[in-house]
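One-letter residues, chain by chain:
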Amino acid sequence: MGREAARQRERRAVYHAIRSGSLHRRAPTPDEVAALFRAIDHRDVKAYGVCTLAALDLDTLHPMPPWLRQYMPGAERRVTLLGYAALRRRHGAVKHLLVAGAAPTLSERCPGGAIESEAEDARLREALSRRYGAGIASAAAVYAVELVARLRSFAARDAARGASLPPCSVCGES
């Protein structure tokens, strides 16, 4: 049996720590955030690898780059890395961020996440990231997260314009 490369052994340890929840994450510095935004814009896959992202707290809101706000009037002022990658439709970045444990339900309007139940949030993260081999196919998970981000930006735009939503057809709440 051949020897395992050190890089592969490190990656396996990181994936195990992500699955078990034993990672000690730190808040990214402003320079790291700017570098990750730039990497997402330029599709630099090496900059947002899972081993790099595993050390960072991915569930923090960061200011939206100002150049993007002029193209998206009424967009949220703060966004997570996952939300930004989804808005920019960077499939590779979204996939890596999901696998690294980024929360898909965080936004400026729901900073604590849109799902209140911890168990349901954990099930959603497992299904989207395929941590245990089961769940949604990667392409479908990325597509779903991108659609939610796009709908979230439409809702923020409509709220900024003062438009009200029609009542729900099921429960009648608006």
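Before reading on, note that the structure itself is shown above.
If you're wondering where the values come from, they're calculated on a predicted model, not measured in any experiment. (Residues numbered from 1 in each chain as written. Predicted model: local features only at pLDDT ≥ 70, side-chain atom pairs only at ≥ 80, totals over all residues. Heavy atoms only, no water.)

1. Considerations on the overall build of the protein
Across its full length, the protein carries 8 helices and 2 strands. Taken from the N to the C terminus, the helices and strands of the protein come in the order α-α-α-β-α-β-α-α-α-α. Out of the 174 residues in the protein, the part that is buried amounts to 36%. A total of about 10,700 Å² of accessible surface is found on the protein, and carbon and sulfur atoms cover 54% of it. (Helix = DSSP H or I, 4+ residues; strand = E, 2+ residues; numbered from the N terminus. Buried < 20%, exposed > 50% of the residue type's maximum accessible area, 1.4 Å probe, protein only. Areas by Shrake-Rupley, 256 points an atom, 1.4 Å probe, with all protein chains shown as cover.)

2. Side note on helix H6 (residues 91-99)
Every buried residue belonging to H6 is among Ala93, Val94, Leu97, Leu98 and Val99, and all of these are buried. Buried positions along H6 lie against helix H1 (6-20), helix H2 (30-41), helix H3 (50-54), helix H5 (81-87), helix H7 (118-129) and helix H8 (138-161). Positive backbone phi, at 105°, marks Gly101, one or two positions downstream of H6. (Contact = heavy atoms within 4.5 Å.)

3. Describing empty space enclosed by the protein
If you walk through the whole model with that rule in mind, you get 2 cavities of 30 Å³ or more. The calculated volume of the largest cavity comes to roughly 90 Å³. Every residue along the wall of the largest cavity is listed here: Leu61, Met64, Glu76, Val79, Thr80, Gly83, Leu87, Leu106, Ser107, Ala149, Arg152 and Ser153. Of all the elements in the fold, those that place two or more residues in the lining of the largest cavity are H5 and H8. For the lining of the largest cavity, the leading source of residues is H8, giving 3 residues. Looking at side-chain class alone, the lining of the largest cavity contains 6 nonpolar, 4 polar and 2 charged residues. As a volume, the second largest cavity reaches approximately 50 Å³. (1 Å grid on protein atoms, 1.4 Å probe; cavity = no way out; pocket = protein on both sides within 12 Å on 5 of 7 lines; lining within 4 Å. Points joined across faces, edges and corners; volume = space filled by probe spheres on them. Nonpolar A, V, L, I, M, F, W, Y, C, P; charged D, E, K, R; others polar.)

4. Re H7
Compared with an ideal rise of 1.5 Å per residue, which puts 12 residues at 16 Å, H7 spans 16 Å between its outermost C-alpha atoms and is within 8% of the ideal. Residues of H7 that are buried: Asp121, Arg125, Leu128 and Ser129. The arc that holds every buried residue of H7, seen down its axis, measures 90°, which confines them to one face. Each element contacted by the buried residues of H7 is listed here: H6 and H8. Just beyond H7, the residue with positive phi is Arg130, at close to 55°. (Expected span 1.5 Å × (residues − 1). Arc of directions from axis to C-beta.)

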